[in-house]
Amino acid sequence: NWALEGLLRSGYIGPAPAPLDVYTEVVRAQSVRRLGVNRDAMRQAFQGIVVREALLDQLGPALHSGRAIFVYGEPGTGKTYISQRLAGQLGDTVLIPHAIMVGDTVIQIFDPILHQPVAADAAPASATLHEGHDPRYVQCRRPAVLTGGELTLDMLELQYDPDHKLYRAPLQLKATNGLYLIDDLGRQRVPSVDLLNRWIVPMDGGVDYLTLGSGQRFPVLFDVVLVFSTNLNPLDLADEAFLRRLGYKIRFDPLDPAEYQAVWRQVCAQLGIPFDAGMLSYMLECF
């Protein structure tokens, strides 16, 4: 019996996990919804990038609100590139726990692939003290998680590794206090309606519910700027009831010839290629 009990214990090895209630306080203290995004900051972030002023005037308030954002438009209009750059507007650093404790169960959260630690002399996170911070946490840039067509519903639930007897956090939990971009919506390996329905409760109540292998269900704060991006017709992906829950629906229109020329010039300058107006005209006329 002692041997069996030992085999059932968590295989987590690392810094002490933070209790769920303490972690919840930290998430609330550094909430992404407390950030202020103004017009000057948006202009500064997109300086040198060909993007319409009217589009920035929509993206700025959307990001400032902290609510879900739905961007759509034809392929090649810059949806993914510009949405990824929004993460740079989230500003300060945050504390990411190595792991959290739910009852007797440890869930690993810190992911060296998705979380970017900052230098010790960086500006302190909003949840730190003057003397430093709890070493159970890592000071990181606000996370920005991107998934595309590879996304499946099980990636949004707790992942259990039976070999190491370890729970790993789902993607949206790793993106807490940051941004989560779901790209190419409608091209995942699960029906779009199932994927979108997964977000209704978190978007409405600001709380997500996760389930352990034992069947225990527990709540975690859903403090994420959720961005959906697609080149399909939104009405083909979601019904009006879901679309009403989205804070902002922003269309990306194709570039006009003058904007495309500006992009062409930038790429030529980056690659050290002389700008050829005749070649650009040929491209615009024939393609």
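Figured I'd write up the structure that's included with this text. (Residues numbered from 1 in each chain as written. Predicted model: local features only at pLDDT ≥ 70, side-chain atom pairs only at ≥ 80, totals over all residues. Heavy atoms only, no water.)

Concerning the pattern of salt bridges
Enumeration according to the criterion identifies 14 salt bridges in this entry. Between E74 and R251 there is a salt bridge; the shortest N-O distance is 2.9 Å. Residue E74 is located in the loop between β2 (69-73) and α5 (79-85), and its partner R251 is located in strand β14 (residues 248-252); the two are separated by 177 residues in the primary sequence. Close ionic contact of D208 with R198 constitutes a salt bridge, the shortest N to O distance being 3.1 Å. Placement of the pair is D208 in strand β11 (residues 207-211) and R198 in the loop between α7 (192-197) and α8 (200-205), with a sequence separation of 10 residues. Through salt bridges that share partners, R39, R43, E53 and D57 make up one connected network. (Salt bridge = Lys/Arg side-chain N within 4 Å of Asp/Glu carboxyl O. Helix = DSSP H or I, 4+ residues; strand = E, 2+ residues; numbered from the N terminus.)

Comments concerning the pairing of strand β3 (residues 93-97)
Of all five residues making up β3, five are buried, and the element is well covered by its neighbours. In β3, alternate side chains face the same way, and those of T93, L95 and P97 on one face and V94 and I96 on the other are all buried. Judged from the five bridges that link them, β3 and strand β6 (residues 137-141) form a sheet pairing that is antiparallel. Across the sheet, the residue bridging to L95 is Q139, located in β6. (Buried < 20%, exposed > 50% of the residue type's maximum accessible area, 1.4 Å probe, protein only. Pairing = 2+ DSSP bridges.)

Brief notes about the nonpolar core
One finds Y180, I182, W199, L226 and F228 to be the most contacted residues of the largest nonpolar core, which totals 25 residues. It is strand β13 (residues 224-230) that contributes the most residues to this core, three residues altogether. If near-sequence neighbours (up to four positions away) are discounted, L226 is found in contact with R67, A68, I69, Y180, I182, W199 and M203. (Core = buried A, V, L, I, M, F, W, Y, C linked by side-chain atoms within 4.5 Å. Contact = heavy atoms within 4.5 Å.)

A look at the packing of aromatic side chains
Centre distance and the angle of the planes are the two values used to describe a pair of aromatic rings. Taken as a whole and assessed by the stated rule, the structure comprises seven aromatic pairs. The interplanar angle of 50 degrees and the centroid separation of 4.8 Å between the aromatic rings of Y160 and Y167 together place this pair among those described as tilted. Taking relative accessible area as the criterion, Y167 reaches 13% and is therefore assigned buried. On the numbers, 6.1 Å between centres and 75 degrees between planes, the contact of F228 with F242 is edge-to-face. Separated by 14 residues along the polypeptide, F228 in strand β13 and F242 in helix α10 (residues 240-245) bring together distant segments of the chain. Looking at F242, the relative accessible area reads 3%, which means it is buried. (Phe/Tyr/Trp six-rings, centres within 6.5 Å; stacked < 30°, edge-to-face > 60°.)

So yeah, pure geometry; function would need other evidence.
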